[in-house]
Amino acid sequence: MAVGAASGRVPDVESLREYERRLEETTLRPVLVTSSWYWVLVGVLLAVIGVGVYAWTTQLDNGLVVTGMRDRVAWGLYISVFVFFVGISHAGTLISAILRVTKAQWRTPITRIAEFITVVALVCGASLIVVDMGRPDRLLNVIIHGRWQSPILWDVLAITTYLTASVIYLGIPMVPDVAYFRDRMASMGHRTRAAFYRFFAIGWEGLPGQVKALSRAVGVLAIIIIPIAVSVHTVVSWIFGMTLRVGWNSTIFGLLFVAGAIFSGIATLVIVMALLRRIYHLEEYITKVQFVNLGYLLAAFTLIMMYINLSEYLTTGFKLEEGEEFLFRQLFLGQFAGLYWFYFIGGLAIPGLIILFKRTRTIAGIVTAAVLVDVAMFAERYFIVISAQRVPLLPYEPFDYMPTWVEWSIFAAAIAFFILLIAVFVKIFPIMAVWEMVEERKLLGRDGESAAPAPDAVRGRS
Amino acid sequence: MTIATALLIGVVVVLTLFFALRVLLSRRVRGGRKEGSAPSEDLQPDEAILSGDRRTFLKVVGIGGLSVLPAVALPAVFNSEAGVASTESPATGPGGRIRQWTMIIDLRSCDGCQSQDSPPKCTTACIEGHLAPEPMEWIQVFEEELEGGGTRFLPTPCMQCQNPPCVNVCPVGATFSTPEGAVLIDQERCIGCRICMAACPYDRRFFNWSDPPIPPEALLADYSPDHQIPATKGTVMKCDMCPDMARAGTLPYCSQACPNGAIYYGDLEEDIATNGREIVSVSRFLTTNNAEVLKEHLGTKPRVFYIPGHGEAVGRDPFTEGREPTEWPWVQRVEGSQTWSR
């Protein structure tokens, strides 16, 4: 009604319906229309995964001797990639939970994408742990003989809990959107597909009671998932922090890993959302606002990361206990110097500057910054894991670890699996939280003075 | 030990979460209806449908929440056989007290077998006795620089820590401390995660990166963590302090093989140790000779003690001008050859 007066862009009920309809069509399009490029992508990804699977069978046959790891450096690329993946899984938590709790409204169009990333990254990360095991056939020993005193068990508990919570947190807010898919599929005569969506829609009819229960559940989940997410990367860091090794024996590791996780999570989200926006023409919904705001967060985290680095390396470097000098030399001057300075300059300083200056604070600039951050964070995970193990603990020559083709193939397969899962997800589930975006629009309207629009605007059967 | 507690905590946490969510949700629905935030609509007519939906909804949330339960409770359920793999019953000394095995390495008598013109005998005897797979050296001898120049030799078995970082981090209790004070590994339980290797501050753990070569006689052995024969792919191994040999009344392979009698083995409880030639009182021997442990500041409390020295008791000169660092023959051995073949 007469709400337009308050601020120019507040919609009335009619244009709200129009907006919703457009939005629904946009989210439905990837599910209904698949270009041949999609199949090309899937084919390439499957090929890469195939190579990785072949590499893994080689490893299963011959043992971990086919990797570059040996007794002196017993953890290598696999563990680094695991840490990296669990890190980017924090994208979802930050965007959908922390920003939801703080009521940042620009986040709604990208919450779904962020939650996809969370679930998919956790699946990829967890599988790498199995790949790294010397005896994957004894995986169940962790449950049969598990000791709660071990950091590994903390990880198992934290990651399974986080995965469960993330799946629920992905599924619950998706219920109304899936219900729309269900209705559309039914009306188009796709019976199996409709049945599929009926399962995920758990009887959603858009009744006011359901709406209330849903928003309440989402609110509760958003709060529950924050401590879970923080705990996950904290205990991942404690796998290293609970040892006496120079370079790992640090009290700040939990903080460093959680901050790094959110940092790389934001970067991954920026990249994925830029790609999906481009491919599925979401420009109307995912605008520069999202990029700029995530860019600001990214810039803030570059400073946080620099601060934690300073704090870690100054407190240890100042005292220079046994072994620290060796660590510092290889990190800042020696064989890890390239990685370290790329991380510090290319991954922290330059992305911060790109976002600082208005001229470069464009979508392209922010995506560039995000790519730099992701690569740099991977480098960081790698040198944190490897460099500490390279410090000799007894009088022997340091061992130089170099990943073999098996490790690189499995690494590539993990990345491909990550992309593939997102690609599959996009084809099945709504990529934007239509329901929440409409709610948000409605709230904008209500801020004027009009009464709430009829509840069936949320979504009844059409 | 804490089976019941862990189970209880798991169940209570999950149930609390479940009911908290339930109460919150139901209150919300009731409150919402009372307030009637949607006055323009007819009030929700059908109570049955509403509560039915809510129930389905809650069921899904609840089942999701419950799926966390197994991770919480399962180890406790299965753990009835305790976290520790089985070994023989501990050896006892006078008065029925449990033996506390210890090893004392007298560096004054160690010349790295330079006088023997051979690789260190302790290392080779250990490899042959345990049929340890190439290239593991459970008791490895390092040549270490001394502060004033020159070198000394340092044989390093597993330190058998009494505050063992490896045992503390093992997720499955495959590595464990025995009542006799040794740290053993159960290769039938080890999952090969290698966190113990990351945690060991002495780098005294070795991994079977590939299928270890199994000599025929190893197949006859009855596997026990006490001797770790036969070796298994994908598991961790290390010096086990030969508790089975001690129980049988013999010295470990390394001690037996040392031509200079540098390795003493004994029982802290009975305060006695021997290198096979002389018998010493452990406490007097350690104190009067200023015994040390490696990396004492870490607080790992090793059971392996060192008497400082550089081979002077066997006439070794630490300063040998222009000598290249010692390289043991098997460093250049071709790949695939087997150390235990003799």
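What comes next concerns the included structure. (Residues numbered from 1 in each chain as written. Chains lettered and ligands numbered in written order. Predicted model: local features only at pLDDT ≥ 70, side-chain atom pairs only at ≥ 80, totals over all residues. Heavy atoms only, no water.)

**Quick notes on the nonpolar core**
Considering soluble globular proteins, one finds that nonpolar side chains tend to be buried as a cluster. In this structure, Trp75(A), Phe85(A), Phe240(A), Leu269(A), Leu294(A) and Phe418(A) are the most contacted members of the largest nonpolar core, which totals 175 residues. Counting residues per element, this core draws most heavily on helix H11 (residues 253–280) of chain A, at 16 residues. Residues contacting Phe418(A), with those up to four places away along its chain left out, are Phe85(A), Ile88(A), Ile117(A), Val120(A), Ala121(A), Cys124(A) and Thr268(A). Counting residues in each nonpolar core, the second largest holds 42 residues, with Met103(B), Cys126(B), Ala132(B) and Phe206(B) among its members. (Core = buried A, V, L, I, M, F, W, Y, C linked by side-chain atoms within 4.5 Å. Buried < 20%, exposed > 50% of the residue type's maximum accessible area, 1.4 Å probe, protein only. Helix = DSSP H or I, 4+ residues; strand = E, 2+ residues; numbered from the N terminus. Contact = heavy atoms within 4.5 Å.)

**Some points on the pattern of salt bridges**
Residue and element names in this part refer to chain A. This model, assessed by the stated rule, comprises 20 salt bridges over all chains. A salt bridge links Asp183 to Arg182, with the nearest nitrogen and oxygen atoms 3.0 Å apart. Arg182 shares its class with Asp183; the two are buried. A salt bridge links Arg381 to Glu380, with the nearest nitrogen and oxygen atoms 3.3 Å apart. Each member of the pair, Arg381 as well as Glu380, is classed as buried. (Salt bridge = Lys/Arg side-chain N within 4 Å of Asp/Glu carboxyl O.)

**Considering the packing of aromatic side chains**
Residues and elements named next belong to chain A. A full pass over the atoms with the stated rule returns 41 aromatic pairs over all chains. Centroid distance Phe181 to Tyr197: 5.4 Å. Interplanar angle 90°. Geometry classified as edge-to-face. Pair noted here: Phe181 is in helix H8 (residues 175–188) and Tyr197 is in helix H9 (residues 191–201), with a separation of 16 residues, a long-range link. An aromatic cluster is present here, built from Phe116, Tyr180, Phe181, Phe196, Tyr197, Phe199, Phe200, Phe425 and Phe429 joined pairwise through their rings. Over the ring of Tyr396 we find Arg72; its NZ or CZ atom is 3.8 Å from the centre of that ring. The cationic tip of Arg441 hangs over the ring face of Tyr19; the distance from NZ or CZ to the ring centre is 3.8 Å. (Phe/Tyr/Trp six-rings, centres within 6.5 Å; stacked < 30°, edge-to-face > 60°. Lys NZ or Arg CZ within 6 Å of the ring centre and 35° of its normal.)

**Focus on helix H14 (residues 337–356) of chain A**
Residue and element names in this part refer to chain A. Here H14 contains 20 residues, and its C-alpha end-to-end distance of 26 Å stays within 8% of the 28 Å for a straight helix at 1.5 Å per residue. Of all bends in H14, the biggest is about 30°, found at Ile350, and the proline Pro351 comes one to four residues later. All of the buried residues in H14 are Ala337, Tyr340, Tyr343, Gly346, Gly347, Leu348, Pro351, Gly352, Ile354 and Ile355. (Expected span 1.5 Å × (residues − 1). Bend = angle between axes of the 7 residues up to and from the residue.)

**A closer look at unusual backbone geometry**
All names here are of chain B. The amide bond that connects Ile229 to the next residue, Pro230, takes the cis arrangement and shows omega of -5°. The residue Pro230 is located in the loop between helix H7 (216–220) and strand E7 (236–237) in this model. Even without being a glycine, Asp271 presents a positive backbone phi close to 60°. Mapped onto the fold, Asp271 is located in the loop between strand E8 (263–267) and strand E9 (272–274). The partly exposed category is assigned to Asp271, whose relative accessible area is 28%. Although it is not a glycine, Asn290 sits at a positive phi angle of roughly 55°.

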